[in-house]
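So you can see what is in the structure, the chains are spelled out below.
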Amino acid sequence: MPANQENTTRVDTLGGQPQGQAGDYLSLARFDHVTKHVFILPGLILALALTEPDLSSLIVNIPVGLLSAVCIASSNYVINEWLDRERDAAHPAKSKRRAVVVEMRPGIVYGEYLLLAIGGLLLAAVIGKLFFVTSVLFLISGIVYNVEPIRAKDKPYLDVLTECLNNPIRFLLGWAIVDQVTLPPISVLAAYWMAGAFLMAAKRLGEYRDIAANAGIAVLKRYRRSFEYYTEESLTVSCFVYAMMTAFLLGVFLVKYRVEYILVFPFISGLFAVYLWLATRPGSVVQRPERLFHSRRLDVMLTLTVIVFLFASFVDVPVLDFMAASFLVPISSL
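Rules behind the numbers
- Residues numbered from 1 in each chain as written.
- Predicted model: local features only at pLDDT ≥ 70, side-chain atom pairs only at ≥ 80, totals over all residues.
- Heavy atoms only, no water.
- Core = buried A, V, L, I, M, F, W, Y, C linked by side-chain atoms within 4.5 Å.
- Buried < 20%, exposed > 50% of the residue type's maximum accessible area, 1.4 Å probe, protein only.
- Helix = DSSP H or I, 4+ residues; strand = E, 2+ residues; numbered from the N terminus.
- Contact = heavy atoms within 4.5 Å.
- Axes fitted to C-alpha atoms, helices over the stretch in contact; angles between N-to-C directions.
- Parallel < 35°, antiparallel > 145°, perpendicular 65-115°, else oblique.
- Left-handed = near helix turned anticlockwise from the far one by under 90°.
- 1 Å grid on protein atoms, 1.4 Å probe; cavity = no way out; pocket = protein on both sides within 12 Å on 5 of 7 lines; lining within 4 Å.
- Points joined across faces, edges and corners; volume = space filled by probe spheres on them.
- Nonpolar A, V, L, I, M, F, W, Y, C, P; charged D, E, K, R; others polar.

J.: Looking at this model, I keep getting lost on the nonpolar core. Mind explaining?
T.: Across soluble globular proteins, you tend to see nonpolar side chains buried next to one another. Grouped together as the largest cluster of nonpolar side chains are 51 residues, with contacts concentrated most on L46, V78, M104, V109, F131 and Y261. Looking at this core, the elements with two or more residues in it are α3 (41-50), α4 (58-83), α7 (106-127), α8 (129-146), α10 (166-178), α11 (186-214), α13 (232-256) and α15 (296-314). Residue contributions to this core peak at nine residues, all from α4. Setting aside residues no more than four positions away along its own chain, V78 makes contact with L28, A29, V109, E112, Y113 and L116. Counting 36 residues, the second largest nonpolar core, distinct from the first, contains M200, F227, L278 and V286.

J.: It is not clear to me how unusual backbone geometry should be interpreted in this structure. Could you clarify?
T.: Across residues other than glycine, the phi torsion is negative in most instances, and most of the peptide bonds are trans. A cis amide bond links E148 with the next residue in sequence, P149, at an omega value of 10°. Located in the positive-phi region is R151, a residue other than glycine, with phi close to 40°. In this structure, R151 sits in the loop between α8 and α9 (158-163). For R151, a relative accessible area of 8% translates into the label buried.

J.: Just to check I follow, could you spell out the packing of α10 against α11 for this structure?
T.: Helix packing geometry: the angle between the two helix axes and the distance between the axes. Between α10 and α11, the shortest axis-to-axis distance is 7 Å and the interhelical angle comes to 135°. As far as their axial angle goes, α11 and α10 are oblique. In the crossing of α10 with α11, the sense of the turn from one axis to the other is right-handed. Counted together, N167, P168 and F171 of α10 and V188, L189, Y192, W193, A195 and G196 of α11 form the full contact between these two elements.

J.: Please clarify how empty space enclosed by the protein should be interpreted in this entry.
T.: Rolled over the atoms, a probe with the dimensions of a water molecule shows which regions are left empty. The full count for this structure, using the stated rule, is one cavity of 30 Å³ or more. Here the largest cavity is characterised by a volume of approximately 40 Å³. Lining the largest cavity are R30, F31, H33, V34, H37, V70, A73, S74 and Y77. Its residues assigned to classes, the lining of the largest cavity comprises five nonpolar, three polar and one charged.

Dropping the structure here:
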């Protein structure tokens, strides 16, 4: 081997790992997870249905808002993957992440984090105050979840409730793209939070079943401290609790705001059922949310739910109003 080539090899494998290249640093931002921003759309649609927005502003707000959300989410992913690299080494799939297998310079990683975070906030400021404040909350949620001394992801149940804060935050981002003056109903934000908790608990259930069966519970506990307290039974029960809370809170919203949303209930129930079924499958896609759309059953249920949600948002069904009025009998008349 020529001397110069030998020296290059020695530098590139410093510390026993190859040195990270530009593509490795970019992979930390997980731009392939952009599909998660579909959770912004319900907030956007509901704001269009319940408020009287300036539609001309959406020409700028929608692309700028989505780009801002992508930047801030990616900044959270950067810090997540960097701080998790040692524990990810124990995970059968995540051990292949670039932060685990290549040597990276902390200065470049934190620089990437700051660049994405500041870029996202600058874009958020273009839309308005509510969107900007929500974007700051988005950024803070990533710090609370990933960074010591709190690092909520290591604490059972709190890990789920903190990670799924992204759901109501994304909903509020969608709402703020349309309306900067009002806030969405608290009931729907809480329902969105509980729905996200169901998704995250189901994800952990899938991980628990898969890793415990193939690599053993000891490996699972090395990967994430919160798994020291979870069992398959406790995760399954938590899924049902979060699902019931979602249904209750959606019912509160439905009664108060728009009875047509009762048409969406069966499809949301179907979505939950399919997702829980997927969580029990070996090698389930729920462990990797960016691959969720590879499930045909989930795609069909999600498409049907979106179609019915759009219909219920913008089309009045008088017979449902009549039925609701008929059932709501004053106590004094009983």
